[in-house]
Amino acid sequence: MSDFIRHRRLRHDARIRAFVRETELSPRDFIYPLFVIEGEGIQEEIPSMPGVYRCSLDVLGPVLEDIENLQVGAVILFGIPKEKDSLGSGAYAQDGIVQRAARLIKETHPGLLIIGDVCLCEYTDHGHCGVVRDGEIINDETLELLAKTAVSQVQAGVDVVAPSDMMDGRVFAIRQALDEAGFINVPVMSYAAKYASGFYGPFRDAAGSAPQFGDRRSYQMDPANGDEAMREVESDLAEGADMIIVKPALAYGDILWRVSQKAACPVIAYNVSGEYALVKAAAAQGWIDERRLVNEILTSLKRSGADRIITYHALDAAKWLAERER
Ligand code: PBG
């Protein structure tokens, strides 16, 4: 009988399924976000992100150990300063919270790759990602502050800078400033395709970075647009970006796929806070099998073209992968 095709042959048992599997996850694929906060003895769980904590530097040790032991690919740092001001000066302070975290991690865990999220919104009192005047977010004046932030992070030990502000020309400005400061070998991982998304809600709770007026739609992209993402990616690569982030991830598989087909560089998916919160909330109700869903989500992002994934599930997923190996 050969008048139909038996696809099920390659699904018949676990050995053959493992043998033909096209997409495999590894802990090295994951980038774990760390929220570092000023103060001492602070380890606060973020209510909308169960299992994710804001940590002061003195309590970071155990989580850094886990990241290293589980062989997670990298960490990305987000800072929560004590004071905010209109120009977000905490972002580029020599002793800013991210700068201090980077120094500490370099000293205690020199094997970890440290990515610095470069943005002003966690440090500005108005919560926007740029300089504000008369209710407008001013592009060109913001560039200098972003460049200063990137250089100060790298001086403190950050290995890769990741601008997430969505100002035009920031990759160019940051590349130029890094080169002038002698950091020619520090890569820029650009949030090139970053959408104005409702999926960032829990992050803004975590970082206290919700805009105090208006929204981010004049700089982050309209979720309805795909071609525009391609233009953003093209210009960021032309300005010197070494790697590209697509964000959010789950509702943007088409963008991930298009970018990965077009851009001959590492492509990173950001599996954002709201995506994490949905999974955790449903799991807490017993409505879904968390472990299974996380594996499916992360695998799907890789299948969609992501080379690496920024995810709050990184430590759990890495543990589950290690358990499977045993
Ligand atoms: C800073 C920044 C944000 C996120 C990463 N960097 C917030 C925003 O743009 O409002 C969101 C990450 C997440 O939701 O997990 N600009």
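Refer to the structure presented above.
So, here is what we can say about the structure in this document. Nothing here was measured: the structure is a model prediction, and the numbers come from that model.

Before going further, it helps to spend a moment on the pattern of salt bridges. Under the defined criterion, the tally for this structure stands at 16 salt bridges. Its salt-bridge partner being Arg170, residue Asp165 comes within 3.1 Å of it at the nearest N-O pair. Given a relative accessible area of 2%, Arg170 falls into the buried group. A salt bridge links Lys280 to Glu290; the nearest nitrogen and oxygen atoms lie 2.8 Å apart. With Lys280 in helix H9 (residues 273-284) and Glu290 in helix H10 (residues 290-303), this pair connects stretches of sequence that are 10 residues apart. When its relative accessible area of 19% is taken as the criterion, Glu290 is described as buried. Linked by salt bridges that have partners in common, Asp29, Lys302 and Arg308 make up one network.

Under the 1.5 Å per step criterion, the end-to-end length of helix H3 (residues 97-108) is 16 Å for 12 residues, consistent within 8% with the ideal 16 Å. Buried-residue contacts for H3 involve strand E1 (30-37), helix H2 (61-69), strand E4 (74-80), strand E5 (114-118) and helix H4 (139-156).

On to the layout of surface pockets, then. What the largest pocket holds in volume is close to 520 Å³. Residue lining of the largest pocket: 17 residues in total, with Arg21, Asn295, Glu296, Thr299 and Arg324 positioned closest to the centre. At the level of secondary structure, the elements contributing two or more residues to the lining of the largest pocket comprise H10 and helix H11 (314-325). Element by element, the count of residues in the lining of the largest pocket is highest for H10, at eight residues. Here the lining of the largest pocket is built from residues that sort into five nonpolar, four polar and eight charged. Quantified by volume, the second largest pocket comes out at close to 310 Å³. Those elements giving two or more residues to the lining of the second largest pocket turn out to be E1, strand E3 (49-55), H2, H9 and H11. Class assignment for the residues of the lining of the second largest pocket results in 15 nonpolar, three polar and four charged.

Reading the values: rules and limits
- Residues numbered from 1 in each chain as written.
- Predicted model: local features only at pLDDT ≥ 70, side-chain atom pairs only at ≥ 80, totals over all residues.
- Heavy atoms only, no water.
- Salt bridge = Lys/Arg side-chain N within 4 Å of Asp/Glu carboxyl O.
- Buried < 20%, exposed > 50% of the residue type's maximum accessible area, 1.4 Å probe, protein only.
- Helix = DSSP H or I, 4+ residues; strand = E, 2+ residues; numbered from the N terminus.
- Expected span 1.5 Å × (residues − 1).
- Contact = heavy atoms within 4.5 Å.
- 1 Å grid on protein atoms, 1.4 Å probe; cavity = no way out; pocket = protein on both sides within 12 Å on 5 of 7 lines; lining within 4 Å.
- Points joined across faces, edges and corners; volume = space filled by probe spheres on them.
- Nonpolar A, V, L, I, M, F, W, Y, C, P; charged D, E, K, R; others polar.

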